[in-house]
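Inside the fold
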Amino acid sequence: MGSIALTSAPARRARLAGPLLLLAAMLVVALVVAGTFGAARVSWSAAFAGDPTARAVLFHIRLPRALLAALVGATLAVAGATFQTLLRNPLADPFILGVSGGAAAGAAVSTALGLAGIPGLVPLVAFVGACGATAAVFLLARRREYTDPTRLLLSGLVLNALFSAVILIAFALSRESDLTAALRWMMGTLFGATWSDVILLASLFVITTVVLITIANDLRMLTFGEDDAKSRGVDVERVKRIGFATASIVTGAAVAVSGIIGFVGLLVPHLIRLVWHRDFRFLLPLSALGGATLLVLADTVSRVILPSAELPVGAFTAILGVPFFLSLLRRGR
Amino acid sequence: MTLEVRSVSFAYDGTSALREVSAAFEATQLVALTGPNGSGKSTLLKLIARVFAPLSGEILFDGRRLREWPAREYARHVGYLPQDPDPAFPMRAIDVVVSGRAPFLGRFAWERDADYDEAERALELCDAAYLASRYLDEMSGGERKRVFLARVLAGRPRLILLDEPLASLDVSHVQQFSRLLRDIVQRTGATVLYATHDLNWAAAYCDRMLVMQQGTLAIDGAPDQVMRPDVIARYFGFQAEAVNAGGRDWLVPRV
């Protein structure tokens, strides 16, 4: 925490600039690494000199893929940070709340109906599934104007069980030829990322972030409990509605373009909190950068670690994250 | 500061919790809110803190109806401490306390130096300045209570509502905390309304005691009106004897 002045008085407002620059630098490095390594041997200098192969590989395959990885990682981490703050629960993330499960169930059902061949349909249905799941979880947990965080988590858990059943049944009824693509999507992959995916997710991510910034000051007050926040003039139900809706919609979009990539939403806000111990206003930008960096690196490793095959990136987010997480957990609070 | 509670009623999901409660409060008073469990103490505090709105009746602060006060503006005058404040994530005391300045911040603003000055002043007032950079989970129960009281004081409220601040404190901390409340009333001119089960401690330090019973306000008066064996038996279902010491009556359980 080099950015905080070492004075005898306790550190006051922590400077956001230091951690922000550090994580931004890490993201830039990760993006360069992602562009540099891959199955084809191409160099940045060749691409900039006009070599068509190098340009195609770097600018049409690796760069959009790396940027999409960054956006998906940032989105999942921001959604995780938002859900955790909203529900006052460090275990909340888009997966536990059923958002990703709804997306997966939507994708699986459209595959079973033989619709997987229609371009763009599976992501669209996945997006609808994610939003539907969110609405269902929220309505199930709602009683008389009030949304109980524990009921919200439990509703998510129960709906996830239902979604698993739907997915299994859908797969049992699917044609074998359709299954490979569906399975690949379920494992989470950034393969075949396009610039239009990048632009779509980037615009949604920017909107989400702006909305979350407008409620950040209120959202962080929920840390002390809803009664406390209400007594301090926070319109708690409004903050919950806005936070939950924006985080879910952007998660739905991320899941639609990348499939199911677990652990980022849970892990990244945790890591940021373990290192910096600050409130949501800190967590929001730092989680975005941290999530982006983590997923870019995980995706790069999943592409290059085996010469013959690409491995599911979701597995690597876990493999990279778990040891780091455990060591931090052992070290302190 | 004036606070007027006018025949206020409230129910949780159809279960009545408060019935026709009326009371008025002025500045610079230490008021203990007593009564058995479930008598409506917490509910009354929550209605005044605007956690809930009354089902009927009304509450006026400085002569203005609560629902006419903009929520954040009201929060600058009234500080509320729930019974078991527990931040979901680890925090340092200074960050906990400075978050009490939230009603004064703009939508996108961060706390300024002046807010930290207020937070440090509040910690000092609670004899908790030494805790500033410690984390809540490294503190004793008494220290945490003082940090959370400081958080309420950081907004310089004129009305302070505390829900069982003495619960789970050992005797020396109860005494320390009771003195602290007395001190805060004297030094800031605020009125403190706090729920408590410690009748003797309340009587020793308060200007006034309220006794709640099954959602109604049974007694509102000076401590000596409450500290009588017949009153205690009737409203608390507790057999006690009055023992005079130091010129006032204390209640001792009848064994």
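Predicted model, so just to flag it, every value in this text is computed and none were measured. (Residues numbered from 1 in each chain as written. Chains lettered and ligands numbered in written order. Predicted model: local features only at pLDDT ≥ 70, side-chain atom pairs only at ≥ 80, totals over all residues. Heavy atoms only, no water.)

If you tally the helices and strands in chain B, you get nine helices and 12 strands. With respect to the principal axes defined by its C-alpha atoms, chain B has extents near 55 × 40 × 30 Å. Across the 255 residues in chain B, those meeting the buried criterion constitute 53%. Sequence-distant contacts in chain B: of pairs separated by 6 or more residues, those separated by 24 or more amount to 64%. (Helix = DSSP H or I, 4+ residues; strand = E, 2+ residues; numbered from the N terminus. Buried < 20%, exposed > 50% of the residue type's maximum accessible area, 1.4 Å probe, protein only. Contact = heavy atoms within 4.5 Å.)

The next subject is unusual backbone geometry. When glycine is set aside, most residues are seen to have a negative phi, and most peptide bonds are trans. Residue and element names in this part refer to chain B. You will see that glutamate 20, though not glycine, has its phi angle at about 50°, which is positive. With respect to the element layout, glutamate 20 can be found in strand E2 (residues 15–25). Given a relative accessible area of 55%, glutamate 20 falls into the exposed group.

Let us look at the side chain of Glu164(B). Residue and element names in this part refer to chain B. For glutamate 164, the position within the fold is in the loop between strand E7 (159–162) and helix H6 (171–188). Salt bridges are absent for the buried glutamate 164, whose nearest opposite-charge side chain, lysine 41, sits at 4.4 Å. Here histidine 197 takes part through its side chain, which lies 3.2 Å from a polar atom of the side chain of glutamate 164. (Lys, Arg positive; Asp, Glu negative; His and termini not counted. Salt bridge = Lys/Arg side-chain N within 4 Å of Asp/Glu carboxyl O. Polar contact = N/O pair within 3.5 Å; in protein donor to acceptor, adjacent residues only side chain to side chain.)

All names here are of chain B. Spatially, E6-E7-E8-E3-E9-E10 is the arrangement adopted by the six strands of the open sheet, whose pairing is mixed. Every interior strand has two partners, whereas the edge strands, strand E6 (78–81) and strand E10 (216–221), have only one. Across the sheet, the axes of successive neighbouring strands diverge by a mean angle of 15°, strand direction being ignored. As judged from the four bridges shared by strand E3 (residues 30–34) and strand E8 (residues 191–195), these two strands associate in the parallel manner. Within E8, the residue paired with valine 31 across the bridge is leucine 193. (Pairing = 2+ DSSP bridges. Axes fitted to C-alpha atoms, helices over the stretch in contact; angles between N-to-C directions.)

Let's shift gears to the sheet that holds E2(B). Hydrogen bonds between backbone atoms are what pair the strands of a sheet, whose relative direction is either parallel or antiparallel. Residues and elements named next belong to chain B. With respect to topology, four strands assemble into an open sheet ordered E2-E1-E4-E5, the strand pairing being antiparallel. Of all strands in the sheet, those bounded by a partner on one side alone are E2 and strand E5 (64–65). Note that strand E4 (residues 56–61) and E5 share two bridges and pair antiparallel. The partner of phenylalanine 61 across the bridge, within E5, is arginine 64. Along the sheet face, helix H1 (residues 41–48) touches strand E1 (3–12), E2 and E4 and points at about 120° away from the line of E1.

With that out of the way, let us pick up the interface of chain A and chain B. Taken together, the contacts link 32 residues of chain A with 43 residues of chain B. Both sides of the chain A and chain B interface together cover about 3,500 Å² of buried area, and 52% of this is carbon and sulfur. Counting across the chain A and chain B interface gives four salt bridges. We note a salt bridge from Asp228(A) to Arg151(B), for which the minimum N-O separation is 2.9 Å. Linking chain A to chain B there are 11 residue pairs in polar contact (both at pLDDT 80 or more). When residues of the side of chain A that touches chain B are traced back to their parent elements, those giving at least two are helix H3 (52–87), helix H8 (195–219), helix H9 (226–231) and helix H12 (280–304) of chain A. (Buried area = accessible area lost by both parts, 1.4 Å probe.)

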